[in-house]
Amino acid sequence: MQGLPERVRIHEVGPRDGLQNESTIVPVEVKAEFIARLAVAGLSTIEATSFVHPAWVPQLADAAELLALMKWEPGVRYPVLVPNERGLDRALASGVIDIAVFGSATETFAQRNLNRSLSTQMDMFAPVVARAKDEGLNVRGYLSMCFGDPWEGPVPVEQVVSVGKGLLDLGCAELSLGDTIGVGTPGHVTSLIAAFAEAGIGAGALAVHFHDTYGQALANTLAALQSGIAVVDASAGGIGGCPYAESATGNLATEDLVWMLHGLGIDTGVDLDALIRTSLWLAERLGRPSTSRVVQARGAKLRDDHEPEAAGQRASRTAGDHTTPTEQGVNDASAE
Ligand code: MG
């Protein structure tokens, strides 16, 4: 296919966007291991947690504890969501160097999620972004409800561009366009990115964050890639979702994304089988199977050996039998 990037950077949101929307509260040690496994699988950007007030998101109340416990791999970025100046204080105290702020493209969601209006939300972000940049941090902006809003319906592209431009003008280095309820379709994606380009904002400043609620996430991703986007958000195993969406399906699964990208010859740096094993491992801890189609399709084959210790024992045990090298070997060894 023509017009696709050679490489896509996956912005892995599982530990934050995934776990914050799971009903299960995962122990901090499991979160740290989840993040470590994602790094081993080759994810280079792993959104770790959020400094939103614990009363809002009890699933991530252990943010500071997690950041102190987890292993920070060289070359991997671990952004943290920061809603306000208090959150920024906590992020700075934890040694965070990448943060994200989150805005709304619609009036209703700004009121409900941020307790601000569409325009006054910027007053909340401005001091956070300014001080973060003074401190040398990298700031990403998230924009929710870029395609549809459960209360307002379809969202005009001009409105999304206007709010998104506001976040970039504050100093956000990257803007992630969220289809929070998953209603977008590929033509809408193309139109929105074209509208940003007309406003002087190229695809290089944009990322996409699709939800698979209506089965459109990969089609929308492909449309975004054809429009020049090279940063895509996804959640390992498809964990999480949106409490405002109409079904349990939510975040685009990283495995499903990687399968498509690799099929297109696009480099991601991700070891797909190592990632699938990570999602199988996490699914046991969440007590429910992954929603990822790729995890479901390949999981049965990998399920027996997704534990590194078990894999090592198995590899040595089966070294002399008829198992083919690809079935038993290379990835098992690298998982250790
Ligand atoms: Mg999401």
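Residues numbered from 1 in each chain as written. Predicted model: local features only at pLDDT ≥ 70, side-chain atom pairs only at ≥ 80, totals over all residues. Heavy atoms only, no water.

1. Observations regarding the overall build of the protein chain
Helices and strands together make up the secondary structure of the protein chain, namely 15 helices and 11 strands. Accessible surface computed for the protein chain: about 13800 Å², of which carbon and sulfur atoms make up 53%. (Helix = DSSP H or I, 4+ residues; strand = E, 2+ residues; numbered from the N terminus. Areas by Shrake-Rupley, 256 points an atom, 1.4 Å probe, with all protein chains shown as cover.)

2. Thoughts on the coordination of the magnesium ion
In an ideal octahedron of six donors the angles at the metal are 90 or 180 degrees, and in an ideal tetrahedron of four donors they are 109.5 degrees. D17 (OD), H209 (NE2), H211 (NE2) and N251 (OD1) make up the full set of protein donors to the magnesium ion, lying at 2.0 to 2.2 Å. Read in sequence order, the donor residues for the magnesium ion give the motif D-x191-H-x1-H-x39-N. Pair noted here: D17 is in helix α1 (residues 14-20) and N251 is in the loop between β11 (231-234) and α10 (254-263), with a separation of 234 residues, a long-range link. Grouping residues by exposure puts D17 and N251 together as buried. (Donors = N, O, S within 2.8 Å, 3.2 Å for Na, K, Ca; no water. Buried < 20%, exposed > 50% of the residue type's maximum accessible area, 1.4 Å probe, protein only.)

3. Regarding the pairing of β11
Across the two faces of β11 the burial is the same, with V231 and D233 and V232 and A234 all buried. With four bridges connecting them, strand β1 (residues 9-12) and β11 associate as parallel partners. For E12, the partnering residue across the bridge sits in β11 and is A234. Bridge count for strand β10 (residues 206-209) against β11 is two bridges, and the pairing is parallel. Across the sheet, the residue bridging to H209 is D233, located in β11. In this view, the connection linking β10 to its parallel neighbour β11 by way of helix α9 (residues 217-226) has right-handed handedness. (Pairing = 2+ DSSP bridges. Right-handed = clockwise from strand over helix to strand, strands pointing away.)

4. Comments concerning the nonpolar core
In terms of nonpolar packing, the biggest core is built from 99 residues, with I10, I99, L192 and F196 touching the most fellow members. With eight residues, the single largest contributor to this core is helix α11 (residues 272-286). (Core = buried A, V, L, I, M, F, W, Y, C linked by side-chain atoms within 4.5 Å.)

5. As for the sheet that holds strand β4 (residues 80-81)
A sheet is described by the order of its strands in space; here nine strands give the open sequence β2-β1-β11-β10-β9-β6-β5-β4-β3, paired in parallel fashion. Each end of this open sheet is capped by a strand with a single partner; those strands are β2 (45-46) and β3 (49-50). Strand contacts of helix α5 (residues 107-114): β5 (98-104) and β6 (138-144), with the helix running at about 125 degrees to β5, the strand carrying the most contacts. (Contact = heavy atoms within 4.5 Å. Axes fitted to C-alpha atoms, helices over the stretch in contact; angles between N-to-C directions.)

6. Structural notes on the packing of aromatic side chains
Inspection of the entire model under this criterion finds three aromatic pairs. An angle of 50 degrees between the planes, with centres 6.0 Å apart, marks the rings of F147 and F210 as tilted. Here the residue F147 occupies a position in the loop between β6 and β7 (148-149), and F210 occupies one in the loop between β10 and α9, the gap between them amounting to 63 residues. Both residues of the pair, F147 and F210, count as buried. (Phe/Tyr/Trp six-rings, centres within 6.5 Å; stacked < 30°, edge-to-face > 60°.)

7. As for the environment of P127
By the secondary structure assignment, P127 is in helix α6 (residues 121-134). The spatial distance from the C-alpha of P127 to the C-alpha of N84 is 8.4 Å, given a sequence separation of 43 residues.

8. Notes on the pattern of salt bridges
Applying the stated rule across the entire model yields 15 salt bridges. D62 is paired through a salt bridge with K31; the nearest N and O atoms lie 2.9 Å apart. Separated by 31 residues along the polypeptide, D62 in the loop between β3 and α3 (63-69) and K31 in helix α2 (residues 28-40) bring together distant segments of the chain. For the pair formed by D62 and K31, the shared burial category is buried. Note that R298 and D273 form a salt bridge whose closest N and O atoms lie 3.0 Å from each other. With a gap of 25 residues between them, R298 in helix α12 (residues 293-303) and D273 in helix α11 connect regions that are remote in the sequence. Take R298: its relative accessible area is 25%, and that puts it in the partly exposed class. One network of salt bridges, in which partners are shared, links R9, R140, E174 and D233. (Salt bridge = Lys/Arg side-chain N within 4 Å of Asp/Glu carboxyl O.)

9. So, helix α7 (residues 157-170)
For α7, with 14 residues, the first-to-last C-alpha span of 20 Å sits near the 20 Å given by 1.5 Å per residue. Those residues of α7 that fall on the buried side of the exposure criterion are V157, V160, V161, V163, G164, L167 and L168. Looking at the packing, one finds that the buried side of α7 touches β5, α6, β6, β9 (174-178) and α8 (186-198). Positive phi shows up at G171, right after α7, with a value of about 125 degrees. (Expected span 1.5 Å × (residues − 1).)

10. Quick notes on the environment of A224
Among the structural elements, A224 can be located in helix α9. On a C-alpha basis, the gap between A224 and T190 in space is 6.5 Å, while along the polypeptide they are 34 residues apart. Leave out the neighbours within four places in its chain, and A224 touches V189, I193, V208, F210 and I229.

11. Some thoughts on unusual backbone geometry
One non-glycine residue, N115, lies in positive phi territory at about 60 degrees. Of note, N115 is situated in the loop between α5 and α6. The phi dihedral of M145 is positive, around 60 degrees, even though this residue is not glycine. Within the secondary structure layout, M145 lies in the loop between β6 and β7.

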